[in-house]
Amino acid sequence: MGMAPTLFCSPEVWWCIVVTSLEPIVTQELDSLGFDLVELRRGGSRSRPVLEVRIDRRDGGTVTIADCTTASRALEARLEADALVSEQYVLEVSSPGADRPLRHVADWRRFVGRRATVTSAVLAGGKQEVEILAVDGEDGAEVALVRDTKGREVQVPLRDVTQARLAFHWKR
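Residues numbered from 1 in each chain as written. Predicted model: local features only at pLDDT ≥ 70, side-chain atom pairs only at ≥ 80, totals over all residues. Heavy atoms only, no water.

Undergrad: Sorry if this is basic, but what is going on with the overall build of the protein chain here?
TA: The secondary structure content of the protein chain amounts to three helices and eight strands. Overall, the protein chain shows an N-to-C arrangement of helices and strands of α-β-β-α-β-α-β-β-β-β-β. When contacts within the protein chain are restricted to residue pairs at least 6 apart in sequence, those whose partners lie at least 24 apart make up 49%. Carbon and sulfur atoms provide 53% of the accessible area of the protein chain, an area that totals close to 10,800 Å². (Helix = DSSP H or I, 4+ residues; strand = E, 2+ residues; numbered from the N terminus. Contact = heavy atoms within 4.5 Å. Areas by Shrake-Rupley, 256 points an atom, 1.4 Å probe, with all protein chains shown as cover.)

Undergrad: Would you mind showing me how to read helix 2 (residues 65-81) here?
TA: Structural remark: α-helix, 3.6 residues per turn; residues separated by three or four positions point the same way. Over its 17 residues, helix 2 extends 24 Å from the first C-alpha to the last, a length consistent with the 24 Å expected when each residue adds 1.5 Å. Taken together, the buried positions of helix 2 are occupied by Asp67, Cys68, Ala71, Ser72, Ala74, Leu75 and Leu79. (Expected span 1.5 Å × (residues − 1). Buried < 20%, exposed > 50% of the residue type's maximum accessible area, 1.4 Å probe, protein only.)

Undergrad: Is there a simple way to think about the pairing of strand 2 (residues 49-57) in this case?
TA: Within strand 2, eight of the nine residues are buried, which leaves it mostly tucked inside the rest of the structure. As paired strands, strand 1 (residues 35-44) and strand 2 are joined by nine bridges and run antiparallel to one another. By the bridge assignment, Gly43 is partnered in strand 2 with Val50. Linkage of strand 1 to strand 2, two consecutive antiparallel strands, is achieved through a turn of four residues. In this structure, strand 2 lies alongside strand 3 (residues 90-94), joined through five bridges in parallel fashion. (Pairing = 2+ DSSP bridges.)

Right, here's the structure in full:
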């Protein structure tokens, strides 16, 4: 009988698979409650995973503690009923926060006039804080018009954006 192959599995890869496979289920559950999934992140360890879920209200209102509780209970019931998580997991549900990610075209349109930290090869240095001025274009070919800190306007195809978050600065 031959030896079993040696397999190496990075915890990062394992978690990527877990988050990717859970995202449609989390999205579906939140959708039934009238919430949008803003971000699903993983943390913790393999023996005690932490799932961080950021939600937003569809009506544009502020996410409340009651909203987080409702979403948490529904997600917990679904994840456990379908045995999608280990017994020792931690589920954290919260609002997207002041530095929320911009993942969809609708996010970019919603936050026109706000500042964002954007990573894209189109921008000088690959990453800049910019003001979102407008979003135009056909489905799948949307372009954001942004203004950098020096006042230069740049057109950034959203398909070329690798990461974007609203910028947050503490007032002094």
